[in-house]
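Remarks on the overall topology
Each chain, letter by letter, is given below.
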Amino acid sequence: MGGNVAAKAMELYGTDEAGRHRYDGALLTSGVLGGGAQAYQFRADLRAVYQYYCANHPYPGERQYPLWEGLPEGSDMTPEALNARVDACTGAGLPAEQRTLVQQQTLNNIVDVVRIPPSTLKAHMRWSTFLFQDMVEQRLDGASPFSNRGVRYRGSSNDDALNAGISRFDEDARAVQKLGEDAGLTGMTDIPTVTMHAIDDPIIFVENEWLYRRAREDSGTADSLVQIYTDEAVHSKLSTPQYAAALEALDRWVEHDRKPTPEAIARYCETREASVYDGGCHFDTDYEVADWRARVYARQP
C-alpha cells in the first residue's frame, strides 16, 4: 500500500503548524489510492465467490470461520498450501490446455464475476487470506470491515444460483471506522502531486485513480493534482523513461511553478527514451478513468 501510505502521510504530516509544506511534491505510481475499505472490498467478494465454487478454503471438514477473517486465529496455513488449493480447484497455475473442463469453467466464473485476470487469482487470494488475517486480528479487534449483504453478483454462468448460495457477511461499524481512520483518504493536501498508473494494471485497478481524484475534488485540492496513464498491463514496474519524465515534470512544477499537463509529460518521455533510457513511452493522454463503481467488479447493491 505504498501509494496509499504516501498519500495518507501527506494529509497527516504534509504541512507544519504554520501551514508550510514539509514535502515539496509527490509522485505516486501504481498506487492503492482508494483507501483501505474500498481498495480491499473486492477481495472480500473474491473470497465469497471463490468459496462458492471451490469449497476448499476452508474445506467442509476443516474449522469454519467467516471469510472476511482471512484465516482463523492460530492457523498454520502457508502461501504454498493456499496456492495448491487454488490450483486444484481452478488450474490457475497451469497452461490453459492442461486444465480440465471443470477447472476452466470454475476459473472463468470466478474471474468473470470479480473481474480480475486469471494470472492474478492466486496473488489476490493470498492477500485476501494472510493480509485479511493480519488486518482483522491485529488492527480491527476481530471485527469485519466488509459487507456483501444485499449485493447481487453478476457475470457468472448462473447468477441466480451464485447469489442464492454464496456466503453472506456484515460489516461492523467500529471496524469500518477504524480502517477508515487508518487508511482512508480525504484528499486534504495541496502538495503538488503527480500520479501515474497503467490502464490495465492487473493488481491495483486503475479506477483507484478515480477515487483519489474525487477525494481531491471534494476537498478542494484537485488543482494540485495531475494524473497520467499508460497503456501498459503491469503493476510493479512501468517503462523506465516514464518515471524519468514524471519526475522531471514534478521537479519543474516544484522549482518553477510550472504545473505539467499529461501531454507535456509524454513529450519529456519521448526525449528521455530517445537519448537515455530503453523501454519506450506508453502514455495515453486521452484516457479518462472510469467510475470505480461502474467497472471494478460486477456487484450490485
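As a reminder, the structure under discussion sits directly above these lines.
First, a word on what this report is: a plain description of the structure on this page. (Residues numbered from 1 in each chain as written. Predicted model: local features only at pLDDT ≥ 70, side-chain atom pairs only at ≥ 80, totals over all residues. Heavy atoms only, no water.)

Section: the pattern of salt bridges
Throughout the structure, instances matching the rule amount to 10 salt bridges. With a shortest N-O distance of 3.2 Å, Lys122 and Asp87 are connected by a salt bridge. Here Asp87 lies in helix H3 (residues 79-90) and Lys122 lies in helix H5 (residues 121-139), a separation of 35 residues in the sequence. For Asp87, a relative accessible area of 22% corresponds to the partly exposed category. (Salt bridge = Lys/Arg side-chain N within 4 Å of Asp/Glu carboxyl O. Helix = DSSP H or I, 4+ residues; strand = E, 2+ residues; numbered from the N terminus. Buried < 20%, exposed > 50% of the residue type's maximum accessible area, 1.4 Å probe, protein only.)

Some words on the packing of helix H2 (residues 36-54) against H5
One way to put it is that H2 packs onto H5 with a least axis distance of 9 Å and a crossing angle of 105°. For the element pair H2 / H5, the angle class is roughly perpendicular. Only Leu121, His124, Met125, Trp127, Ser128, Thr129, Leu131 and Phe132 of H5 make contact with H2, whose side of the interface consists of Tyr40, Phe42, Arg43, Ala44, Leu46, Arg47 and Tyr50. Here the contact of H2 with H5 is built from residues that sort into 10 nonpolar, three polar and two charged. (Axes fitted to C-alpha atoms, helices over the stretch in contact; angles between N-to-C directions. Parallel < 35°, antiparallel > 145°, perpendicular 65-115°, else oblique. Contact = heavy atoms within 4.5 Å. Nonpolar A, V, L, I, M, F, W, Y, C, P; charged D, E, K, R; others polar.)

Notes on the environment of Val86
With respect to the element layout, Val86 can be found in helix H3. Its relative accessible area of 0% is what places Val86 among the buried residues. Placed 32 residues apart in sequence, Val86 and Cys54 show a C-alpha to C-alpha distance of 8.2 Å.

What about the pairing of strand S4 (residues 225-230)?
In terms of burial, S4 is largely enclosed, as six of its six residues are buried. Across the two faces of S4 the burial is the same, with Leu225, Gln227 and Tyr229 and Val226, Ile228 and Thr230 all buried. As paired strands, strand S3 (residues 193-198) and S4 are joined by six bridges and run parallel to one another. The residue of S4 that forms the bridge with Thr193 is Leu225. Crossover S3 to S4 through helix H8 (residues 208-219) is right-handed. (Pairing = 2+ DSSP bridges. Right-handed = clockwise from strand over helix to strand, strands pointing away.)

Quick word on the sheet that holds S3
Backbone hydrogen bonds are what pair the strands of a sheet, in a parallel or an antiparallel way. One open sheet holds the three strands; their spatial order is S1-S3-S4, and the pairing between them is parallel. Of all strands in the sheet, those with a lone pairing partner are strand S1 (26-29) and S4, marking the two edges. The mean inter-strand angle of the sheet, taken between neighbouring strand axes irrespective of direction, is 15°. Against the sheet, helix H1 (residues 2-13) engages S1 and S3, with an angle of about 155° to S1.

Function cannot be read off these values alone, since they describe shape.
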